[in-house]
Amino acid sequence: MREKLEQRSFLFMLLLVSLLFGLLLKPFWGAIFWACAIGVIFNPLQERILRMIGPKPNRAALLTLLICMVIVVLPVLLIATSFIQEGLALYQRIDKGEVNPAEWLEQMRHAFPLVPELFERLGIDIDSVRQKLSEGAVASSKLLAEKALGAGQSTFTFVMNVALMLYLTFFLLRDGHQLIELLVKALPLGDARERRLFSKFSEVTRATVKGNIVVAMVQGALGGFIFWALGIPGPLLWGVVMAFLSLIPAVGAGLVWLPVALYLYATGDWIAGSVLVGFGALVIGLADNVLRPLLVGRDTKLPDYLVLFSTLGGLSLMGINGFVIGPLVAALFLVVWDIFTREFNGEDPYQS
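Residues numbered from 1 in each chain as written. Predicted model: local features only at pLDDT ≥ 70, side-chain atom pairs only at ≥ 80, totals over all residues. Heavy atoms only, no water.

1. Quick word on the overall build of the protein
Link 1 in the chain: The helix and strand inventory of the protein stands at 13 helices and 0 strands.
Link 2 in the chain: Starting at the N terminus and walking to the C terminus, you meet the elements of the protein as α-α-α-α-α-α-α-α-α-α-α-α-α.
Link 3 in the chain: The buried share of the protein, reckoned over its 352 residues, is 31%.
Link 4 in the chain: For the protein, the share of sequence-separated contacts (at least 6 apart) that also reach a separation of at least 24 residues comes to 68%.
Link 5 in the chain: About 21700 Å² of surface is accessible on the protein, with carbon and sulfur atoms providing 70% of the total. (Helix = DSSP H or I, 4+ residues; strand = E, 2+ residues; numbered from the N terminus. Buried < 20%, exposed > 50% of the residue type's maximum accessible area, 1.4 Å probe, protein only. Contact = heavy atoms within 4.5 Å. Areas by Shrake-Rupley, 256 points an atom, 1.4 Å probe, with all protein chains shown as cover.)

2. Focus: the nonpolar core
Link 1 in the chain: Residues Trp34, Phe42, Met165, Leu166 and Val324 are the most contacted members of the largest nonpolar core, which totals 25 residues.
Link 2 in the chain: Elements with a contribution of two residues or more to this core: α2 (29–53), α3 (57–96), α7 (155–186), α8 (191–229) and α13 (322–344).
Link 3 in the chain: Contact partners of Met165, with chain neighbours within four places excluded, come to Ala31, Trp34, Ala35 and Ile38.
Link 4 in the chain: With 14 residues, the next largest nonpolar core counts Ile226, Val260, Ala261 and Leu276 among its residues. (Core = buried A, V, L, I, M, F, W, Y, C linked by side-chain atoms within 4.5 Å.)

3. Thoughts on the pattern of salt bridges
Link 1 in the chain: A complete count under the given rule lists 2 salt bridges for this structure.
Link 2 in the chain: A salt bridge links Arg174 to Asp175; the shortest N-O distance between them is 2.9 Å.
Link 3 in the chain: Overall, the relative accessible area of 27% leaves Arg174 in the partly exposed class.
Link 4 in the chain: On the basis of relative accessible area, Asp175 is assigned to the partly exposed category, the value being 21%.
Link 5 in the chain: For Glu181, the salt bridge goes to Arg195, with nearest N and O atoms at 3.0 Å. In this pair, Glu181 is assigned in helix α7 and Arg195 in helix α8, connecting sequence segments 14 residues apart.
Link 6 in the chain: On the basis of relative accessible area, Arg195 is assigned to the partly exposed category, the value being 39%. (Salt bridge = Lys/Arg side-chain N within 4 Å of Asp/Glu carboxyl O.)

4. Overview of the packing of aromatic side chains
Link 1 in the chain: The final tally for this structure, using the stated rule, is 7 aromatic pairs.
Link 2 in the chain: Ring geometry for Phe225 against Trp228: centres 6.1 Å apart, planes inclined by 40 degrees, an arrangement best described as tilted. Taken together, the residues Phe225 and Trp228, both in helix α8 and 3 residues apart, mark about one turn of the helix.
Link 3 in the chain: Classification of Phe225 by relative accessible area gives partly exposed; the value is 45%.
Link 4 in the chain: Using a relative accessible area of 60% as the deciding quantity, one classes Trp228 as exposed.
Link 5 in the chain: An angle of 85 degrees between the planes, with centres 5.5 Å apart, marks the rings of Trp337 and Phe340 as edge-to-face. Highlighted residues: Trp337 and Phe340, both in helix α13, separated by 3 residues, approximately one helical turn.
Link 6 in the chain: Residue Trp337 is classed as partly exposed on the basis of its relative accessible area of 48%.
Link 7 in the chain: Each residue in the set Tyr167, Phe170 and Phe171 is aromatic and connected to the rest through ring pairs, giving one cluster. (Phe/Tyr/Trp six-rings, centres within 6.5 Å; stacked < 30°, edge-to-face > 60°.)

5. Section: the side chain of Gln46
Link 1 in the chain: Structurally, the position occupied by Gln46 is in helix α2.
Link 2 in the chain: Among the polar contacts listed, one links the side chain of Gln46 to the side chain of Thr64, at a separation of 3.2 Å.
Link 3 in the chain: Among residues more than four places away in sequence, those in contact with Gln46 are Pro57, Ala60, Ala61, Thr64, Leu173 and Arg174. (Polar contact = N/O pair within 3.5 Å; in protein donor to acceptor, adjacent residues only side chain to side chain.)

6. Structural notes on the confidence of the model for the protein
Link 1 in the chain: Here the protein averages 75 in pLDDT, while 72% of its residues score no lower than 70.
Link 2 in the chain: Across the protein, α2 holds the top mean pLDDT of 85, while helix α6 (residues 126–153) sits lowest at 55. (pLDDT = per-residue confidence, 0-100.)

7. Remarks on the packing of α8 against α13
Link 1 in the chain: The geometry of α8 relative to α13 is characterised by a closest axis approach of 9 Å and an angle of 150 degrees between their N-to-C directions. One finds that α8 runs roughly antiparallel with respect to α13. Of the two elements, α8 crosses α13, and the hand of that crossing is right-handed. Residues Arg193, Arg196, Leu197, Lys200, Phe201, Val204, Thr205, Thr208, Val209 and Asn212 of α8 pack against Phe323, Val324, Pro327, Leu328, Ala331, Leu332, Val335, Val336, Asp338, Ile339 and Glu343 of α13.
Link 2 in the chain: Partitioned by chemical class, the residues of the contact of α8 with α13 number 13 nonpolar, 3 polar and 5 charged. (Axes fitted to C-alpha atoms, helices over the stretch in contact; angles between N-to-C directions. Parallel < 35°, antiparallel > 145°, perpendicular 65-115°, else oblique. Left-handed = near helix turned anticlockwise from the far one by under 90°. Nonpolar A, V, L, I, M, F, W, Y, C, P; charged D, E, K, R; others polar.)

8. Quick notes on a nonpolar patch on the surface
Link 1 in the chain: Residues Val70, Ile71, Val72, Leu74, Val76, Leu77, Phe158 and Val159 make up a contiguous nonpolar surface patch of roughly 680 Å² in combined accessible area.
Link 2 in the chain: Among the secondary structure elements, those contributing two or more residues to the nonpolar patch are α3 and α7.
Link 3 in the chain: Here the element with the most residues in the nonpolar patch is α3; it accounts for 6 residues. (Patch = residues over 30% accessible without salt bridge, like charges linked within 9 Å, V, L, I, M, F, W, Y side chains within 5 Å.)

Encoded structure:
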């Protein structure tokens, strides 16, 4: 009796201390998550470097981290800086009245006379929509400016988070295998189950991050290029926006180029509008329809519809981190249920 009481008391203390430790690390969850993701993605490179230079884990981890900074961290910082600068320039133009979204809607109203009639049948006041569109554009650009200024004022926090992420990444690259073995030993789920779950975590994280980032870069670059070629203002700004929106499968980049194409039609620029529609549907859309299933769905072994719903759910619940966490949770959900089903039916749950 006393032994059971002591065991339960210890388990309660273990749970309490673990929860408190999790709360203690809560401000750094973003840095910890991306350190784990980078560690998983660059682990194959780390192992290749180890084979080249021999058993020197510190040097191999440091070299891998430097390569990661050169090809990932620095380009992202440069693009983010340019994005903020163009966003501030757009806000200044809207604030000065050089750009007026209400006029765009009025031009589209005259160009497409069926639209007002459709709005009237649906009970939508187009004048109210025009006013809200103008107010929304000002508010959005103002929010972007405030966020940019806030980012400048909180540079220390941002730099600290990046430094912590890189610092933790170094140790995850160097000691990743030992940490996994420690977790396998500590968790009470069964070693075989735990190894399969960790394997799935690595597989899905690597596929999701690499796949979605490649798709985002391709669609953002293609969108920025066609905007620049057609002389549309702020090609870098809209290219970055399309890259972020492309994290939403199937519809992402179209939320930018399609309204712009309609505006070009409304202003009478039929050639530019047709070029943008054709390029957006055939080239930008093809990049999503071809690359995403190849890079994400195939490697994660998730159906396309499950990738879509899990990505949308992850983004809505956890922000930018959700485009990885969503499919990861979905994949782990399928693996856990597959293990349970096989064990319940007396089959080998670890047979591929």
